[in-house]
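Coordinate analysis (summary)
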Amino acid sequence: MNANQHDGQQANDAAPLEVAEAAAPYEVDGADGASAATPASPHYRALNLARLQAQGMVTHDGGRTSVAEDFRIIKRPLLRNARATGADAIRHGNLIVVTSAMPGEGKTYCAVNLAMSIAMEMDMTVLLVDADVARPSVLKTLGLAPEPGLMDVLLDERLEMSDVILKTNVATLSILPAGRSNKHATELLASRAMSRLLAEIASRYADRIVVFDSPPLLITSEAHALVGQMGQVVMVVEAETTTQHAVKEALRQIESCEHINLIYNKTRGFPGNDYYGYGYYD
């Protein structure tokens, strides 16, 4: 893992926040305030953790793999920002959006792994939101079938978040699917209903981190509507593929965001070894 600080910041300014990780998934309150779902619950979905581990994803029982270590480093400054108080507090700091300039750079892979890694924290719960409403990938990546979700809540005022949030066999991880596609997705993501939903998500539970998988910035207008409401942005850049022009244009579109973090994905440190470079744009 190669972690870097940019814009004149010193590396020790972002010293890792020491937070122990749980020895095993444990029962916590669910995302809607109810007790953690059981396999009999209609909102319970069992993730095939062995399959995910075999695909190189972060899992609780996967051991100290290189990917797991990478995301331990990546999550620390994000968690520190999310927990900041007083003058250092960030509005909606616990809302973290993962995006990229173009499709195929690995943003969904990074969003899922980031959520899985944060779910290992002893005092955190995680809600993983598939906000790439045009091309949702989170459920597919996790081996789950499409389900109602975010768009359905925004379109139907009778629906509550608790009606569509999925609980999993990782007790500290819940999932909000993208839901049905809609031609007015951009307007819905920029709507007052979305702002109210985000405010509720951000403030209702102090121990909750919310990770959003966003559409690519240079392909859809939905991404800009979503990113502008987040406390922290993680932009994934594919090494040796994404052009400098694309990266600069994507950053220009979100320059109003104060806390932008970059993951340089699919880089090669040594022959046969992938690793992630990480740094701050802000």
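Residues numbered from 1 in each chain as written. Predicted model: local features only at pLDDT ≥ 70, side-chain atom pairs only at ≥ 80, totals over all residues. Heavy atoms only, no water.

**Observations concerning the side chain of Q232**
One can find Q232 in strand β8 (residues 232–238). Among the polar contacts listed, one links the side chain of Q232 to the side chain of N81, at a separation of 3.0 Å. Ignoring any residue separated from it by four or fewer positions in sequence, one finds Q232 in contact with P77, L78, N81, A82, H92, G93, L95, I96, V97, H259 and N261. (Helix = DSSP H or I, 4+ residues; strand = E, 2+ residues; numbered from the N terminus. Polar contact = N/O pair within 3.5 Å; in protein donor to acceptor, adjacent residues only side chain to side chain. Contact = heavy atoms within 4.5 Å.)

**Quick look at the pairing of strand β3 (residues 95–100)**
Counting buried positions along β3 yields 6 of 6 residues, so the element is predominantly enclosed. In β3, alternate side chains face the same way, and those of L95, V97 and T99 on one face and I96, V98 and S100 on the other are all buried. Where β3 meets strand β7 (residues 208–213), 4 bridges bridge the pair, whose relative direction is parallel. By the bridge assignment, V97 is partnered in β7 with F212. Pairing of β3 with β8, which is carried by 5 bridges, proceeds in the parallel orientation. Counterpart to V98 in the pairing with β8 is V234. (Buried < 20%, exposed > 50% of the residue type's maximum accessible area, 1.4 Å probe, protein only. Pairing = 2+ DSSP bridges.)

**Here we look at the nonpolar core**
The biggest cluster of nonpolar side chains holds 43 residues, and the ones touching the most others in it are L150 and F212. When residues of this core are assigned to their parent elements, the largest contribution, 5 residues, is made by helix α7 (residues 192–204). Dropping the residues within four chain positions of it, L150 is found in contact with V129, A131, L176, P177, A178, G179, L189, M194 and L197. Membership of the second largest hydrophobic core comes to 36 residues, among which are M57, L78, M120 and L139. (Core = buried A, V, L, I, M, F, W, Y, C linked by side-chain atoms within 4.5 Å.)

It is worth stressing that arrangement in space is one thing and function is another; only the former is reported here.
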